[in-house]
Amino acid sequence: GDSVTQMEGPVTLSEEAFLTINCTYTATGYPSLFWYVQYPGEGLQLLLKATKADDKGSNKGFEATYRKETTSFHLEKGSVQVSDSAVYFCALRGLNDYKLSFGAGTTVTVRA
Amino acid sequence: EAGVTQSPTHLIKTRGQQATLRCSPISGHTSVYWYQQALGLGLQFLLWYDEGEERNRGNFPPRFSGRQFPNYSSELNVNALELEDSALYLCASSLGLAGTDTQYFGPGTRLTVL
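Given the structure is predicted, the values throughout are model-derived calculations rather than measurements. (Residues numbered from 1 in each chain as written. Chains lettered and ligands numbered in written order. Predicted model: local features only at pLDDT ≥ 70, side-chain atom pairs only at ≥ 80, totals over all residues. Heavy atoms only, no water.)

Concerning the overall build of chain A
Per the secondary structure count, chain A includes zero helices and 12 strands. If you list the helices and strands of chain A from N to C, you get β-β-β-β-β-β-β-β-β-β-β-β. For chain A, the C-alpha radius of gyration of 13 Å lies close to 13 Å, the compact-globule estimate for 112 residues. Taken over the C-alpha atoms alone, chain A extends approximately 45 × 25 × 20 Å along its principal axes. Residue pairs in contact within chain A that sit at least 24 positions apart in sequence constitute 56% of those at least 6 positions apart. (Helix = DSSP H or I, 4+ residues; strand = E, 2+ residues; numbered from the N terminus. Rg over C-alpha atoms; globule rule 2.2 N^0.38 Å. Contact = heavy atoms within 4.5 Å.)

Let's talk about the packing of aromatic side chains
A complete count under the given rule lists 14 aromatic pairs over all chains for this structure. Chaining the aromatic ring pairs together yields one cluster made of F34, Y36, F89, Y98 and F102 of chain A together with Y33, Y35, F45, W48 and F105 of chain B. A cation over a ring is seen here: K68 of chain A above Y30 of chain A, with NZ or CZ 4.3 Å from the ring centre. (Phe/Tyr/Trp six-rings, centres within 6.5 Å; stacked < 30°, edge-to-face > 60°. Lys NZ or Arg CZ within 6 Å of the ring centre and 35° of its normal.)

Considering the side chain of T109 of chain B
Structurally, the position occupied by T109 of chain B is in strand β11 (residues 109-113). Owing to a relative accessible area of 0%, T109 of chain B belongs among the buried residues under this scheme. (Buried < 20%, exposed > 50% of the residue type's maximum accessible area, 1.4 Å probe, protein only.)

Some points on the interface of chain B and chain A
Taken together, the contact between chain B and chain A spans 19 residues of the former and 16 residues of the latter. Taking both partners together, chain B and chain A bury about 1,400 Å²; carbon and sulfur atoms supply 58% of that area. Taken together, the connections running from chain B to chain A amount to zero salt bridges. Counting every contact that joins chain B to chain A gives seven residue pairs in polar contact (both at pLDDT 80 or more). Counting only elements with at least two residues in the side of chain B that touches chain A, the list comes to β4 (31-38), β5 (42-50), β9 (87-94) and β10 (104-105) of chain B. Class assignment for the residues of the side of chain B that touches chain A results in 11 nonpolar, seven polar and one charged. (Buried area = accessible area lost by both parts, 1.4 Å probe. Salt bridge = Lys/Arg side-chain N within 4 Å of Asp/Glu carboxyl O. Polar contact = N/O pair within 3.5 Å; in protein donor to acceptor, adjacent residues only side chain to side chain. Nonpolar A, V, L, I, M, F, W, Y, C, P; charged D, E, K, R; others polar.)

What to know about the nonpolar core
Residue and element names in this part refer to chain A. Formed by 26 residues in total, the largest nonpolar core has its most connected members in L19, W35, L48, F73, L75, Y88 and V108. Listed by contribution, the elements that provide at least two residues to this core are β2 (11-14), β3 (19-21), β4 (23-26), β5 (32-38), β6 (44-50), β8 (62-65), β10 (86-93) and β12 (106-111). With four residues, the top contributor of residues to this core is β10. Setting aside its immediate chain neighbours within four residues, V108 contacts V11, L13, L19, I21, D84, S85, A86 and Y88. (Core = buried A, V, L, I, M, F, W, Y, C linked by side-chain atoms within 4.5 Å.)

Quick look at the side chain of S32 of chain A
Along the chain, S32 of chain A falls in strand β5. S32 of chain A gets classed as buried once you look at its relative accessible area, which sits at 8%.

A few points about the sheet that holds strand β7 (residues 56-59) of chain A
Hydrogen bonds along the backbone pair up the strands of a sheet, which may run parallel or antiparallel. Residues and elements named next belong to chain A. A sheet is described by the order of its strands in space; here four strands give the open sequence β3-β9-β8-β7, paired in antiparallel fashion. In the strand order of this sheet, the two ends are held by β3 and β7, each with one partner. Strand after strand, the sheet turns through a mean of 15 degrees between neighbouring axes, direction not considered. Here three bridges tie β8 to strand β9 (residues 75-77), and the two strands are oriented antiparallel to one another. Bridge pairing in β9 links A64 to L75. (Pairing = 2+ DSSP bridges. Axes fitted to C-alpha atoms, helices over the stretch in contact; angles between N-to-C directions.)

Observations regarding the sheet that holds strand β1 (residues 5-7) of chain B
Residues and elements named next belong to chain B. Taken in spatial order, the four strands make up an open sheet running β1-β3-β8-β7, and their pairing is antiparallel. For this open sheet the edge positions go to β1 and β7 (64-68), each flanked by a neighbour on one side alone. Geometrically, the sheet is characterised by an average inter-axis angle of 20 degrees between neighbouring strands, direction not taken into account. Pairing between β7 and strand β8 (residues 74-78): five bridges, direction antiparallel. Within the sheet, the bridge partner assigned to G66 lies in β8 and is L76.

Encoded structure:
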């Protein structure tokens, strides 16, 4: 079945550092890929998405590129802020599927 | 535009009781999904409703059930509560269309079973 493997955390960074969170997936065909973010005590917010190979999703300085050849969707941000401290989830939805399959989540803490 | 709303924010029950959680989707969305986020188990799909019908369910026992109302809001019922049902329950909505559209999540209901 479909699955997502996400970089284990926690990740601790200083402000203005570069952030990468690795995400790889297993699925048949061409799934849609998502990054969601969960701030402390809150639900999930959609951060960005990509629906086909080579698409780049971007939002709030975060980017991720759908790489079919490496089945990856790594999340990057060039300069993190304290406000980026959160749990980040990579997710996929298979073609004609209804549910999201999530990675385990990566906790990111940014220190001033 | 209002997002997905859920109530209550927190719910405390004792083992064996029933819990009812509510969700209102984004206006215009017809699909509602329920997910469980339990400590150590990650996010797991529970149920999907679209146009008032249960379309699919995840690997959960029958004591997890729900319904979708004509205004597309939804209710999740958990009967005979067990300690391991303690979790954050997240509701999401989408435009429908066989559930292939982007899902937007609410803030969740934190259920604690004592």
